[in-house]
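Each chain is listed here by its residues.
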Amino acid sequence: MTARWPDPDRTIIDRYLAGLGLRSMKSRTCYRQVLHSFQDVAEHHSELGQDVLVAWLRVSAECWAATTLLHRTRIVDRFLDHLLHTEAIDRNPVTTLRDACNIKQCMPVWRALASRDPKKALAELRRPRPFGSVLGEVLAEHIALMRNRGYKYTSQSARLLRFDRFLQLNPALQEQPIEVILEHWAAAKSTRNHAAECENLRRVLTKIFRHRDPSIPSRRPDPRPQKDVVKQWRKPHIYSPADIRRMLDVARSYPSPRSPLRPLTIYTMLVLAYCAGLRRGELARLDLGDIDLQSGTITVRQTKFFKTRILPLPASVMAELRAYIKARRRAGASQDPCSSLFWHEQGRTRRYTPEMITWLLTNVIRRAGLKPLQGRTGPRVHDLRHSMVVNRILEWYKAGINPQDRLPFLATYLGHRDINSTLVYITVTQDLLHHASERFRAVGAPCLDLGREVRS
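Scope of this entry: the structure provided in the associated data block. Source: prediction; values computed, not measured. (Residues numbered from 1 in each chain as written. Predicted model: local features only at pLDDT ≥ 70, side-chain atom pairs only at ≥ 80, totals over all residues. Heavy atoms only, no water.)

Observations regarding the overall build of the protein
Quick reminder of the rule: Secondary structure elements are defined from DSSP: runs of H or I of at least 4 residues count as helices, runs of E of at least 2 residues count as strands, and each element is numbered from the N terminus. Three labels apply to residues, based on accessible area from a 1.4 Å probe with only protein chains included: buried if under 20% of the type maximum, exposed if over 50%, partly exposed otherwise in between. Throughout, a contact is declared for two residues whenever any of their heavy atoms are within 4.5 Å. To measure how exposed things are, a 1.4 Å probe is used in the Shrake-Rupley method; for residues, cover is taken only from the protein chains shown. When charges are counted, Lys and Arg contribute as positive and Asp and Glu as negative, whereas His and the chain ends are disregarded. For this purpose, a charge sits on NZ of Lys, CZ of Arg, CG of Asp or CD of Glu.
Scanning the protein for helices and strands turns up 22 helices and 3 strands. By its C-alpha atoms, the protein is 105 × 65 × 40 Å across when sized along the principal axes. Counting across all 456 residues of the protein, residues that qualify as buried make up 42%. Of the contacts made within the protein by residues no fewer than 6 positions apart, 59% connect residues no fewer than 24 positions apart. In the form shown here, the protein has an accessible surface area of approximately 26,600 Å², with 54% of it arising from carbon and sulfur atoms. Across the protein, the 75 positively charged side chains and the 44 negatively charged ones have centroids separated by 5 Å.

If you want it as structure tokens, here you go:
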């Protein structure tokens, strides 16, 4: 039978701390102090609820500064998740409050509870219920229909959810005709992205209403808002081979005294991101069993557009993967084929998240001097995928291969639905323009010799 918390002898806390594997004495002391103080408060209440959280914050405020206290709440969050997972408690009070407020993060809940009037702060924090407007049921049914047809429909559903929240926060509009509602929605923001989102919403709503009533006339889409958005997109940075070598050198020497495997992990991520054009999510989802060292391939499963593809890799890349897998084994990583390829020592899943991969590779780009030390300007991680496409086409030109014949293969390799998605990645650089011009001069220019045609 599972032990219930709070337990008098506090063995649950001891086992939890032992399972975390905290290395420094300072961290162990901090975690133990926070969790014991939390249990001290919980033992004086008959039920683990909002009152316990508020009481613990009041007591802890006498010991720690406000910013430090909010940082300590993360320790309690993880501990409560552990207790719920092990069935030591019936419900997590922080998660309950978060769900009641219809928000995704726990920190706003803790800030509200730490305020002078928690009840008022929680009321202000509460967000509208998803798809609770007058059009909510129609929108939710459309999302379910599209997902049943096989679409992920994540970005589109997020747009519809924002529109639904706007309707709930403006109840006077819910009785107005749909065109009036859309005019107010378009006037809510003046950005180019919002104008494109409004045009997209008009198209989707027309599709929904025509599905319900085919007599409704179709609407001609307006491409101008989306074109305005495209104009403000940042131009991709195409990394040169020298840039890639510099980044690989930085990754090899990445400072990580507490995680000795991390420099080689970042190095291997960088190799696959550039040589195979993998997205950050694809890197994060790679398992050990996806690497076939015998055939020299990797399997990228269920990525964008629900595609799974098997990618052949050059011998040099497979050699780097072999070296990483050997180092991974020596570091004590799990050898289960379903375990993450890019393994780390901390955390429950031992798997790098896409966000962590982006942060690490961005840090490498900064250390290589290719991106400012702060800010969002400069080259991005996704530009490695653009660079892979451009440099591959350059290699085809140099080898005398017509890139147009190979683009369908490149689209399949990148996991695109069609060749149009691949064309977005072809950034015209000076080298690419030079080789294209040379090929035209050698192959296409003779076809324009009108004098030869007259002579013949």
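A few points about the side chain of Asn363
Our working rule: Polar contact is the term for a pair of N or O atoms within 3.5 Å; when the atoms are in protein, one must be able to donate a hydrogen and the other to accept it, and sequence-neighboring residues count only if both atoms are side-chain atoms.
Take Asn363: it is sitting in helix H17 (residues 354–367). A polar side-chain atom of Asn363 sits 2.7 Å from a polar atom in the side chain of Tyr254.

What to know about the side chain of Arg10
Note on placement: Arg10 falls in the segment before helix H1 (11–20). A polar atom in the side chain of Arg10 sits 3.1 Å from the side chain of Glu43. Contacts of Arg10, omitting those with residues within four sequence positions, involve His36, Gln39, Asp40 and Glu43.

Quick look at the packing of aromatic side chains
Quick note on the threshold: Centres within 6.5 Å are what make two rings of Phe, Tyr or Trp a pair, Trp counting through its six-membered ring; a difference in plane orientation under 30 degrees is then read as stacked, over 60 as edge-to-face, and the rest as tilted. Sitting over a ring, as applied to charges here, requires NZ of Lys or CZ of Arg to be within 6 Å of the ring centre and within 35 degrees of the ring normal.
Evaluation of the coordinates by the stated rule reveals 8 aromatic pairs. Centre to centre, the rings of Phe38 and Trp56 are 5.7 Å apart; their planes meet at 85 degrees, and the pair counts as edge-to-face. Within this pair, whereas Phe38 is found in helix H2 (residues 25–42), its partner Trp56 is found in helix H3 (residues 50–61), the two being separated by 18 residues in sequence. Pairing Tyr324 with Phe342 gives two aromatic rings, centres 5.6 Å apart and planes at 45 degrees, and the pair type is tilted. Here Tyr324, found in helix H16 (residues 315–330), pairs with Phe342, found in the loop between H16 and H17; they are 18 residues apart in sequence, far enough to count as distant. Put simply, the rings of Trp5, Tyr16, Phe38, Trp56, Phe79 and Trp110 pair up and form one aromatic cluster. Lying across the ring of Tyr254, Arg367 places its NZ or CZ 5.3 Å from the centre.

Overview of the nonpolar core
For soluble globular proteins, the rule of thumb is that nonpolar side chains tend to be buried together. Applicable threshold: Each nonpolar core is a collection of buried residues, namely Ala, Val, Leu, Ile, Met, Phe, Trp, Tyr and Cys, held together in the definition by side-chain atoms within 4.5 Å.
Core analysis: the largest hydrophobic core is formed by 61 residues, its most contacted members being Met247 and Leu272. Examining the composition of this core, we find that 9 residues originate from one element, helix H14 (residues 262–275), more than from any other. Filtering out sequence-adjacent residues up to four positions away, Met247 remains in contact with Tyr239, Leu270, Val364, Ile365, Ala368, Leu370 and Leu384. Judged by nonpolar contacts, the second largest core, of 40 residues, contains Val34, Val41, Ala42 and Leu125.

Focus on the pattern of salt bridges
When the charged atoms of two side chains with opposite charge come close together, those side chains can pair. Basically, it comes down to this: Here, a salt bridge means any side-chain nitrogen of Lys or Arg that lies within 4 Å of a carboxyl oxygen of Asp or Glu.
If you walk through the whole model with that rule in mind, you get 17 salt bridges. The shortest N-O distance in the salt bridge between Glu141 and Arg212 comes to 2.6 Å. Here the residue Glu141 occupies a position in helix H8 (residues 136–148), and Arg212 occupies one in helix H11 (residues 192–212), the gap between them amounting to 71 residues. Here Glu141 falls in the partly exposed class, since its relative accessible area comes to 40%.

Topic: H1
Because each turn of an α-helix spans 3.6 residues, side chains separated by three or four positions in sequence point in the same direction. The condition is simple: Here, the arc refers to the directions that run from the helix axis to the C-beta atoms.
Taken as a whole, H1 has its buried residues at Ile12, Ile13, Tyr16 and Leu17. In an axial view of H1, the angular spread of the buried residues amounts to 130 degrees, which keeps them on one side of the axis. Of the exposed residues in H1, the ones pointing more than 90 degrees away from its buried face are Arg15, Ala18 and Gly19.

Here's the deal with the packing of H14 against helix H18 (residues 383–398)
Formally: Note on definitions: angles span 0 to 180 degrees between N-to-C directions of axes, and those axes are lines fitted to C-alpha atoms, for helices only across the stretch in contact. Should an angle fall under 35 degrees it is taken as roughly parallel, and over 145 as roughly antiparallel, whereas 65 to 115 is taken as roughly perpendicular and any remaining angle as oblique. Charged means Asp, Glu, Lys or Arg here, nonpolar means Ala, Val, Leu, Ile, Met, Phe, Trp, Tyr, Cys or Pro, and polar covers whatever is left, Gly included.
Across the interface, H14 lies against H18 with an axial gap of 7 Å and an inter-helix angle of 50 degrees. In terms of their interaxial angle, H14 and H18 are classed as oblique. Counted together, Leu270, Ala273, Tyr274 and Cys275 of H14 and Leu384, Arg385, Ser387, Met388 and Asn391 of H18 form the full contact between these two elements. Residue composition of the contact of H14 with H18, grouped by class: 6 nonpolar, 2 polar and 1 charged.

Quick look at the pairing of strand E2 (residues 297–300)
Defined as follows: Being paired, for any two strands, means DSSP has found at least two bridges between them.
Burial of E2 is two-sided: the residues Thr297 and Thr299 facing one way and the residues Ile298 and Val300 facing the other way are all buried. Between strand E1 (residues 291–292) and E2, which pair antiparallel one after the other, the connecting turn spans 4 residues, and Gly296 there sits at a positive phi close to 70 degrees. When E2 meets strand E3 (residues 309–312), the two strands line up antiparallel, connected through 4 bridges. Within E3, the residue paired with Thr299 across the bridge is Ile310.

Describing the sheet that holds E3
Backbone hydrogen bonds hold the strands of a sheet together, and the pairing may be parallel or antiparallel. The 3 strands are arranged E1-E2-E3 in an open sheet whose pairing can be described as antiparallel. Edge positions in the sheet fall to E1 and E3, since each of these pairs with one other strand and no more.

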